[in-house]
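# A look at the structure
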Amino acid sequence: MARIAYVDGQYGPIDRPAIGIEDRGFQFADGVYEVWSVKDGEFLDHPGHMARLKRSLAELRIPMPMSEAALDVALRETLRRNRLMNALVYLQVTRGVAKRDHAFPAKPVKPTMVITARPASFSAVQARAETGIAVITRPDERWKRCDIKSISLLPNVLAKQAAREAGAFEAWLINEAGEVTEGSSSNAWIVTGEGVLVTRKADEAILNGITRQRVIRLAAALGIPFEERPFSLEEALSAREAFVSSASSMVMPVVRIDDRAVANGAPGSLATALREAYLSGADG
Ligand code: PMP
């Protein structure tokens, strides 16, 4: 079956030409995006993703392309037309099409909005979680507003490619202070030798993951001690556990960092407990 995409009010085959050459997303990466995991037809953490979309748009002064209710219909309709129950749903919104000029168009233009969906295999993600993933480390070369979910992802793309070429699943980004900020497309976590769960606070250096926020609530519900603070690569290398969180991986144990085993090199028990709590739909 041909994949169907939503583009500016119309549903059609994903490979049809649909975006204007002067779209500011194409010309300047002037836009934002969101990603939802859909499990058994349910958009996971839906209100959180919607709230972050609105925040990212507001930070860039791009208007919401339609009401939240209408957007919800378009998201679900895209899923339905692709006949998917388990999927990743992507939404991109750009400032729209305008004669090329770095500054915003003088006369406001209609934002461009695209929705696509693709099948997600929860069993493949589960199998990966049972062995755990390797991460490599790369310098964090991104801009200073990583809290905005911008489509400008070049440093993330290069870091992920380096991970792939090294046979790893993710790249952890290291800032000039030697701290792990986050992954190229996930948030980074460790569990210290004392059993304290640690992740960086959601400042402008990282994207405040919707999964991250859920894991924080789940940890509180499970009574896991938690500290929101930066951690260094050295601390991660001597941690009891490490993991990443994202909408597509949920909670994913990290068992190697730059070819060094994390603890005994097997997925940690807290990461596994948090993953199970997440998957069970437990609401922290
Ligand atoms: N950080 C970055 C840079 C990301 O791209 C993502 C994935 N969108 C995340 C963190 C995790 O965010 P979420 O849990 O909302 O998927």
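Reference entry: report on the structure contained in this document. Fair warning: this is a prediction, and the values are worked out from it, not measured in the lab. (Residues numbered from 1 in each chain as written. Predicted model: local features only at pLDDT ≥ 70, side-chain atom pairs only at ≥ 80, totals over all residues. Heavy atoms only, no water.)

## Focus: the sheet that holds strand β4 (residues 42-43)
Hydrogen bonds between backbone atoms are what pair the strands of a sheet, whose relative direction is either parallel or antiparallel. Note the threshold: Pairing between strands is defined by DSSP: at least two bridges between them are needed. Elements are defined by DSSP. Helices are runs of H or I of four residues or more, strands are runs of E of two residues or more, and each kind is numbered from the N terminus. The contact criterion used throughout is that any non-hydrogen atoms of two residues lie within 4.5 Å. Fitted lines through C-alpha atoms serve as axes, helices being fitted only where they are in contact, and the angles separating the N-to-C directions of these axes extend from 0 to 180 degrees.
Spatially, the 6 strands line up as an open sheet ordered β2-β1-β6-β5-β3-β4, and their pairing is antiparallel. Of all the strands in the sheet, just β2 (10-13) and β4 have a single pairing partner and so form its edges. Alignment of strand β1 (residues 4-7) against β2, held across 4 bridges, turns out to be antiparallel. The partner of Ala5 across the bridge, within β2, is Gly12. With respect to the sheet, helix α3 (residues 68-81) is in contact with β1, β2, β3 (31-39), β4, β5 (87-94) and β6 (112-119), its orientation differing from that of β6 by roughly 40 degrees.

## Description of the pattern of salt bridges
Test applied: In the sections that follow, a salt bridge refers to a side-chain nitrogen of Lys or Arg positioned within 4 Å of a carboxyl oxygen of Asp or Glu. Under the scheme applied here, a residue whose accessible area is under 20% of the maximum for its type counts as buried, over 50% as exposed, and between as partly exposed, the area being computed with a 1.4 Å probe on protein chains only.
With the rule as written, the count across this model stands at 20 salt bridges. Taking the shortest distance from any N to any O, the salt bridge between Asp30 and Arg95 comes out at 2.6 Å. Of this pair, Asp30 sits in the loop between α1 (24-28) and β3 while Arg95 sits in the loop between β5 and β6, and the two are 65 residues apart along the sequence. Arg95 shares its class with Asp30; the two are buried. Among the salt bridges present, the one from Arg142 reaches Glu182, with a minimum N-O distance of 2.8 Å. Taken together, the residues span a long stretch of sequence, with Arg142 in the loop between β7 (133-139) and α5 (154-165) and Glu182 in strand β9 (residues 179-183) at a distance of 40 residues. Exposure remark for Arg142: the relative accessible area of 14% places this residue in the buried category.

## A few points about the site of the ligand
Stated precisely, the cut-off is as follows: In these notes, residues near a molecule or strand are those with any non-hydrogen atom within 4 Å of it. Under the rule applied, a polar contact is a pair of N or O atoms within 3.5 Å (in protein, one hydrogen donor and one hydrogen acceptor; residues adjacent in sequence only if both atoms are side-chain atoms). Using a 1.4 Å probe, accessible areas were evaluated by the Shrake-Rupley method; residue-level cover was limited to the displayed protein chains. Gly counts as polar in this scheme, as do all residues outside two lists: the nonpolar Ala, Val, Leu, Ile, Met, Phe, Trp, Tyr, Cys and Pro, and the charged Asp, Glu, Lys and Arg.
Taken together, 19 residues are adjacent to the ligand, and Lys149, Glu182, Ile210, Thr211 and Ala247 come closest. Glu182 places a polar side-chain atom, nitrogen or oxygen, 2.6 Å from a nitrogen atom of the ligand. In isolation the ligand has 390 Å² of accessible area, and contact with the protein removes 94% of it. Elements that contribute at least two residues to the shell around the ligand include exactly α2 (46-60), β9, α6 (210-221) and β14 (241-246). Along the lines of polarity and charge, the residues of the shell around the ligand split into 4 nonpolar, 11 polar and 4 charged.

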